[in-house]
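# Coordinates in review
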Amino acid sequence: MAGERAVGLVRELRGAAGGNLPPFRAEGLRQALEEMRSLYERNQADVSEAKSGRTDLIFLIRFRHCCLLRNQRCILAYLYDRLLRIRALRWEYGSILPNTIQFHMSAEEVRCLRDYGELEIDDGTTVLLKKNSQIWPACLARHPYPAPTRFCHSSSSSVS
């Protein structure tokens, strides 16, 4: 109960060689978050007891808090590493990943991957960004003048 589940997620990613994407472990992530909730609730109960005079609980409260912070770092490291791997795979394979790779992704990761390359410009046009695409010259041809400033300058008002 001191962060084994969250560390296990990071160890699994570390074991995946060569930038391969291991399957998304939703159950392991859920268990790590449940462990964090349990630690937090136990800490809250002990904090209220410590306020009433039980100073022997302070070390235990600090230990649980360190476990919470460690779990948080491990979960964020797990999700961020997956993000970097998916982004690298997208640049390698393009906007449509092979089914063998998508099989290892969660539904949210697939949705994010699908929506990753879209950009909507001011006039409502949606542009799909792809590797080696040249979007800016096309935008400049359509909008050759700079955007108006946010500040209004009236000729009738005097500014000193």
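The rules behind the values
Residues numbered from 1 in each chain as written. Predicted model: local features only at pLDDT ≥ 70, side-chain atom pairs only at ≥ 80, totals over all residues. Heavy atoms only, no water. Helix = DSSP H or I, 4+ residues; strand = E, 2+ residues; numbered from the N terminus. Buried < 20%, exposed > 50% of the residue type's maximum accessible area, 1.4 Å probe, protein only. Contact = heavy atoms within 4.5 Å. Salt bridge = Lys/Arg side-chain N within 4 Å of Asp/Glu carboxyl O. pLDDT = per-residue confidence, 0-100. Expected span 1.5 Å × (residues − 1). Polar contact = N/O pair within 3.5 Å; in protein donor to acceptor, adjacent residues only side chain to side chain. Core = buried A, V, L, I, M, F, W, Y, C linked by side-chain atoms within 4.5 Å.

With that settled, consider the environment of Y93. Its place among the elements puts Y93 in helix α3 (residues 58–93). Exposure remark for Y93: the relative accessible area of 43% places this residue in the partly exposed category. Those residues within four positions of Y93 in sequence are excluded, and the remaining contacts are P98 and I101.

What follows covers the pattern of salt bridges. Inspection of the entire model under this criterion finds nine salt bridges. A salt bridge links D56 to R54; the shortest N-O distance between them is 3.2 Å. On the accessibility criterion, R54 (37% relative accessible area) is partly exposed. Taken together, the shared-partner salt bridges connect E34, R37 and E41 into one network.

Bringing the confidence of the model for the chain into the picture now. Per-residue confidence for the chain gives a mean pLDDT of 77, with 70% of residues at or over 70. Per-residue pLDDT, averaged within each element of the chain, yields its smallest value for helix α6 (residues 136–142) (49) and its largest for helix α2 (residues 26–51) (92). Within the model, the stretch residues 137–141 combines pLDDT values under 50 with one contact to residues more than four positions away or in other chains. Across residues 143–160, confidence stays below pLDDT 50; counting only partners more than four residues off in sequence or on other chains, it has one contact.

With that out of the way, let us pick up α2. Its 26 residues place the ends of α2 37 Å apart at the C-alpha level, agreeing with the 38 Å of an ideal helix rising 1.5 Å per residue. Every buried residue belonging to α2 is among G28, L29, A32, E35, M36, S38, L39, N43, D46 and A50, and all of these are buried. Considering only its buried residues, α2 is in contact with α1 (4–15) and α3. Positive backbone phi, at 125°, marks G53, one or two positions downstream of α2.

Turning our attention to the side chain of R85. On the secondary structure map, R85 appears in helix α3. Under the relative-accessibility criterion, R85 is labelled buried at 14%. Of note is the side chain of R85, whose polar atom sits 2.9 Å from the backbone oxygen of L13. Excluding its chain neighbours within four sequence positions, the residues that come into contact with R85 are L13, A16, G19, N20, L21 and P22.

A separate point is the nonpolar core. Of all hydrophobic cores here, the largest spans 13 residues; its most connected members are A6 and I75. In terms of residues, this core owes the most to one element, α3, which gives five residues. L21, L97, M105 and L113 belong to the second-largest nonpolar core, a separate cluster that totals seven residues.

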